[in-house]
Amino acid sequence: MKFTILTLFPKIFDSYLNESILKRAQENKKISIETIGIRKYTHDKHHTADDKPYGGGPGMLMKAEPILKAFSSIKKSKDKPAVFIMSAAGKKFTNSDAKKYAKKYKNIVLIAGRYEGIDARVKKILKAQEISVGDYVLTGGELPAMVIIDAISRQIPGVLGRAESLEESRFGVGIPSYTRPETLKYKGEKYVVPKVLLSGDHKKIAEWRNAQRSKSNAKR
């Protein structure tokens, strides 16, 4: 899987994408990640990548030309890229999407917007999909791009080592988990592991986890 990120701030990605599991996934050739700085494709000495929106209104809008030129710089591949624009107005990205994209695509381009957004002609020209990671507005699309890369990558066989490493394949998301010590002392209080998890009775443990899963789902 190849991920390409078009961004005004490529250095933002250095620490997170080059540590831990994602670092190993790149070293093991399971994924590749390239960041392309949009400002490199501007013409003026100030590397201006934004301008005032037509029709008035507050804020600035990212210009289409630098983004399109940055996209054109991507090395051509036999796998046509799926193009996503990070946008608070986009379709909400889910774990089901992560699984689907991991199977469906080999080449994904993520465009990280800033300011008041991106000139709408970019979406039309690149036939891009707008995608959101939640019902809130962030300063830019860089964090959502990292979230999406992380979520998709862990669904790619070999990235986590074993399929059983997926939380949703083990106990389910939100199920309480415990490790040593059996009794944790903190500020004069004792916090103990539920006895059923120490019982060795796998049937009862499975029943307890199913009950916890039901509670977790009821809260959503």
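This write-up is about the structure you can find in this document.

All of the buried residues in helix H4 (residues 95–104) are Asp97, Ala98, Tyr101 and Ala102. Buried positions in H4, seen along its axis, are confined to an arc of 135° and lie on one side of it. Along H4, the residues that are exposed and aim more than 90 degrees away from the buried face are Ser96, Lys103 and Lys104. Those residues of H4 hidden inside the fold are in contact with strand E5 (82–92), strand E6 (107–112), strand E7 (129–132) and helix H6 (142–153).

Core analysis: the largest hydrophobic core is formed by 28 residues, its most contacted members being Phe84, Ile108 and Ile152. Every element with two or more residues in this core is listed here: strand E1 (2–7), helix H2 (20–27), E5, H4, E6 and H6. Looking at this core element by element, the count peaks at six residues for H6. Grouped together as the second largest cluster of nonpolar side chains are 18 residues, Ala70, Val83, Ile111 and Ile118 included.

What follows covers the packing of aromatic side chains. Enumeration according to the criterion identifies four aromatic pairs in this entry. Geometrically, the ring pair formed by Phe84 and Tyr101 is tilted, given 5.1 Å between the ring centres and 35° between the ring planes. Residue Phe84 is located in strand E5, and its partner Tyr101 is located in helix H4; the two are separated by 17 residues in the primary sequence. Across the pair, Tyr101 and Phe84 agree in class, each one buried. Both rings, one in Tyr101 and one in Tyr105, keep their centres 5.5 Å apart while their planes meet at 45°; by these two values the pair is tilted. For Tyr105, a relative accessible area of 13% corresponds to the buried category.

With that out of the way, let us pick up helix H8 (residues 202–219). Its 18 residues give H8 an end-to-end C-alpha distance of 26 Å, which sits within 8% of 26 Å, the value for a rise of 1.5 Å per residue. All buried positions along H8 are accounted for by Ile205, Trp208, Gln212 and Ser216. Looking down the long axis of H8, one finds its buried residues gathered within 80° of arc, a one-sided arrangement. Exposed and facing more than 90 degrees away from the buried side of H8 are Lys203 and Ala218. Put simply, Asp201 is the residue that caps the front of H8, since its side-chain oxygen is 3.2 Å from the backbone nitrogen of Lys203.

Here we have five strands laid out as an open sheet, ordered E2-E1-E6-E5-E7, and parallel in their pairing. Strand pairing shows two members of the sheet lacking a second neighbour, strand E2 (32–37) and E7, which therefore form its edges. Averaged over all adjacent pairs, the angle separating strand axes in this sheet is 35°, with direction ignored. Note: E1 against E6, five bridges, orientation parallel. By the bridge assignment, Phe3 is partnered in E6 with Ile108. Strands E1, E2, E5 and E6 of the sheet are contacted by helix H3 (residues 64–72), whose axis makes an angle of about 155° with E1.

Moving on to the side chain of Glu142. Topologically, Glu142 is positioned in helix H6. Judged by its relative accessible area of 2%, Glu142 falls in the buried class. In contact with Glu142, other than residues within four places in its own chain, are Thr7, Leu8, Phe9, Ile12, Phe13, Ala112, Gly113 and Arg114.

The rules behind these values
- Residues numbered from 1 in each chain as written.
- Predicted model: local features only at pLDDT ≥ 70, side-chain atom pairs only at ≥ 80, totals over all residues.
- Heavy atoms only, no water.
- Buried < 20%, exposed > 50% of the residue type's maximum accessible area, 1.4 Å probe, protein only.
- Helix = DSSP H or I, 4+ residues; strand = E, 2+ residues; numbered from the N terminus.
- Arc of directions from axis to C-beta.
- Contact = heavy atoms within 4.5 Å.
- Core = buried A, V, L, I, M, F, W, Y, C linked by side-chain atoms within 4.5 Å.
- Phe/Tyr/Trp six-rings, centres within 6.5 Å; stacked < 30°, edge-to-face > 60°.
- Expected span 1.5 Å × (residues − 1).
- Polar contact = N/O pair within 3.5 Å; in protein donor to acceptor, adjacent residues only side chain to side chain.
- Pairing = 2+ DSSP bridges.
- Axes fitted to C-alpha atoms, helices over the stretch in contact; angles between N-to-C directions.

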